[in-house]
Amino acid sequence: MSVNTANGCNFGWNAENFKLNSIDGNYYSLEELKGEKGTVIAFICNHCPYVIAIADRLSYEANELNKIGVNIIAIMSNDVESYPEDSFENMIKFAKLHNFNFQY
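Rules of the game
Residues numbered from 1 in each chain as written. Predicted model: local features only at pLDDT ≥ 70, side-chain atom pairs only at ≥ 80, totals over all residues. Heavy atoms only, no water. Salt bridge = Lys/Arg side-chain N within 4 Å of Asp/Glu carboxyl O. Helix = DSSP H or I, 4+ residues; strand = E, 2+ residues; numbered from the N terminus. Buried < 20%, exposed > 50% of the residue type's maximum accessible area, 1.4 Å probe, protein only. Phe/Tyr/Trp six-rings, centres within 6.5 Å; stacked < 30°, edge-to-face > 60°. Core = buried A, V, L, I, M, F, W, Y, C linked by side-chain atoms within 4.5 Å. Contact = heavy atoms within 4.5 Å.

1. Let's talk about the pattern of salt bridges
And step 1. According to the stated counting rule, one finds three salt bridges in the structure shown.
And step 2. The residue Glu64 makes a salt bridge to Lys67 at a minimum N-O spacing of 2.9 Å. Here Lys67 and Glu64 lie together in helix α2 (residues 49-67), a separation of three residues that amounts to about one turn.
And step 3. Given the relative accessible area of 29%, Glu64 is considered partly exposed.

2. A look at the packing of aromatic side chains
And step 1. A complete count under the given rule lists three aromatic pairs for this structure.
And step 2. Pairing Phe94 with Phe100 gives two aromatic rings, centres 5.9 Å apart and planes at 80°, and the pair type is edge-to-face. When sorted by exposure, Phe94 lands in the same class as Phe100, which is buried.
And step 3. Measuring from ring centre to ring centre gives 5.9 Å for Phe100 and Tyr104, while their planes differ by 70°; the resulting arrangement is edge-to-face. The burial state of Phe100 is the same as that of Tyr104; both residues are buried.
And step 4. Linked through ring pairs, Phe94, Phe100, Phe102 and Tyr104 together constitute an aromatic cluster.

3. Some remarks on the nonpolar core
And step 1. Grouped together as the largest cluster of nonpolar side chains are 18 residues, with contacts concentrated most on Ile44, Leu58, Phe94, Phe100, Phe102 and Tyr104.
And step 2. Counting only elements with at least two residues in this core, the list comes to α2, β4 (70-75) and α3 (88-97).
And step 3. Not counting chain neighbours up to four residues away, the residues in contact with Phe100 comprise Ile44, Ala55, Leu58, Ser59, Phe94 and Ala95.
And step 4. Counting six residues, the second-largest nonpolar core is a separate cluster that includes Tyr28, Leu30, Leu33 and Ile73.

Structure below.
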């Protein structure tokens, strides 16, 4: 099935602007981070086995997409009290381990 005809997709939808803290200690808005030709927002966390399995590939794809004007933003939305391995300090370590060159 073509992506353009996938059921339940609302193509043309725009995310509301946000301002979130990133691993570099700065706050960024969607407006500041969006790519010239598109934006991928990935919801990831450090402890998820699926994320761990694709983290290096995500890093590679982010670099490749950036070359054509598409930026990746990763958001960790877990409760760090319930999942301490997803703490801000661990996000920094995880990003360094997997060479993230995008805001997380």
